[in-house]
Amino acid sequence: MRIILLGPPGAGKGTQSKFIQEMYHIPQISTGDILRENVKKNTDLGKKAREYMDKGELVPDKVIIELVKTRLQQDDCLKGYILDGFPRTLAQAEGLEKALGNENVDRVLFVNVSDSVIIDRLTLRRIDRETGAIYHLKNNPPPEGVRVIHRDDDKEETVKNRLRVYREQTEPLVKFYKDKNILYEINGEKSVQEINSLIKDILNRGKET
Ligand code: AP5
């Protein structure tokens, strides 16, 4: 099963990816996580990506498409994967089609959330620095003793720019995948558990849902 998780920043793509990964035993490929790992290790890619990420801008398409193409060639992708945060522009979506050749994406899960909810979620999001587990200071606080980080790009001003970039460059993908009849819209303001079960239904029942 090849799945794309599409949605604004803070929609819950990472949270739901973890759940799908456990259910289907397929890898989560998060371009954001791969970039952050490179920033942490100060690689050439990380140095370049950081300039964009800190401002809430997108890293250039060419860099991202190459990165994903290389990742999809690894053996753990043979049975499928979850693309979390990719594609994010029409050029990336077309790059993915080219890379897939005769294969298709099976489902695009579009998790939709309003701007005010996003700002609350991201400014209060905290991430376990060891395991990457995702928390929220109000809705799902980290257990005592867990050391968490607040992402640099989760400051309110940067979040607002990420939202603007999302509307301009990523939202057109909703129509792109709707036209292909593989897009499923999910209300991302429901609880994590409710969204889990909606996703489960969509993935198990298929197109007729
Ligand atoms: P990336 O890391 O992909 O960030 P994003 O898409 O902005 O998404 P987030 O990780 O912020 O949010 P999420 O939807 O995963 O939400 P989460 O589950 O954590 O990208 C970062 C940057 O990298 C980009 O700005 C860009 O610079 C670069 N980049 C990455 N990919 C790129 C690409 N393809 N092309 C170019 N550049 C790229 O949840 C958020 C919070 O809400 C958490 O606190 C969580 O606990 C809480 N929460 C989740 N679900 C619920 C719920 N249902 N109810 C209540 N709270 C919830």
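Everything discussed here concerns the structure shown above.
Notes on the structure in this doc start here. Note on numbering: residues in each chain are counted from 1, in written sequence order. The model is predicted, so local features are restricted to residues of pLDDT at least 70 and side-chain atom pairs to those at 80 or more, both for listing and for counting; the totals for chains, interfaces and linings are taken over all residues. Only heavy atoms go into the side-chain values, all of them from the structure, while hydrogens and water stay out.

Let's talk about empty space enclosed by the protein
The probe, sized like a water molecule, is rolled over the atoms to show the empty space still left.
Then, number 1: Two kinds of site are reported from a 1 Å grid over the protein atoms alone, namely cavities, where a 1.4 Å probe fits but cannot get out, and pockets, open sets with protein on both sides within 12 Å along at least five of seven lines, and residues are called lining when an atom falls within 4 Å of a point. Grid points are joined across faces, edges and corners, and a volume is the space filled by probe spheres set on the points. Taken as a whole and judged by the stated rule, the model has 1 cavity of 30 Å³ or more.
Then, number 2: The volume enclosed by the largest cavity comes to roughly 40 Å³.
Then, number 3: Considering the residues around the largest cavity, the lining is formed by Leu5, Leu6, Gly7, Lys13, Gly85, Phe86, Pro87, Arg88 and Thr170.
Then, number 4: Here the term charged refers only to Asp, Glu, Lys and Arg, the term nonpolar to Ala, Val, Leu, Ile, Met, Phe, Trp, Tyr, Cys and Pro, and the term polar to all other amino acids, Gly among them. Each residue belonging to the lining of the largest cavity can be placed in one class, and the counts come to 4 nonpolar, 3 polar and 2 charged.

Remarks on the packing of helix α2 (residues 31–41) against helix α3 (residues 44–53)
Then, number 1: Each axis is a line fitted through C-alpha atoms, taken for helices only over the stretch in contact, and angles between the N-to-C directions span 0 to 180 degrees. Here a strand is any run of E in DSSP of at least two residues, a helix any run of H or I of at least four, and the numbering for each starts at the N terminus. Interaxial distance between α2 and α3 falls to 7 Å at its minimum, and their mutual angle equals 115°. The two elements α2 and α3 meet at a crossing, and its hand is left-handed. Together, Gly32, Leu35, Arg36, Asn38 and Val39 of α2 and Leu45, Gly46, Ala49, Arg50 and Met53 of α3 make up the contact between the two elements.
Then, number 2: Looking at the contact of α2 with α3, its residues break down into 5 nonpolar, 3 polar and 2 charged. By convention the crossing between two helices is left-handed if the near helix lies anticlockwise of the far one by an angle smaller than a right angle, and right-handed if it lies clockwise. By definition in these notes, contact holds between two residues if any of their heavy atoms fall within 4.5 Å.

Observations concerning the sheet that holds strand β7 (residues 148–149)
Then, number 1: For two strands to pair, DSSP has to find at least two bridges joining them. Pairing in this open sheet of 3 strands is antiparallel, and the strands run β6-β5-β7 from one edge to the other. Only two strands of the sheet have a single neighbouring strand rather than two, namely β6 (134–136) and β7.
Then, number 2: Helix-sheet contacts for helix α6 (residues 115–123) involve β5 (125–128) and β6, and the interaxial angle to β5 is about 40°.

A closer look at the site of the ligand
Then, number 1: One heavy atom within 4 Å of a molecule or strand makes the whole residue count as near it. Taken together, 36 residues lie around the ligand, and Thr15, Thr31, Glu57, Arg125 and Arg162 are the ones closest in.
Then, number 2: Contact between the ligand and Thr31: a nitrogen atom at 2.7 Å from a side-chain N or O atom of the residue.
Then, number 3: Whenever two N or O atoms come within 3.5 Å, that pair is a polar contact, provided that in protein one can donate a hydrogen and the other can accept it, and provided that, for residues adjacent in sequence, both atoms are side-chain atoms. A distance of 2.9 Å separates an oxygen atom of the ligand from a polar side-chain atom of Arg36.
Then, number 4: Those elements that provide at least two residues to the shell around the ligand are α1 (13–24), α2, α6, β6 and α9 (192–205).
Then, number 5: Considering each element in turn, the shell around the ligand owes the most residues, 4 residues, to α2.

So far we have only geometry, and geometry alone does not tell us how the molecule works.
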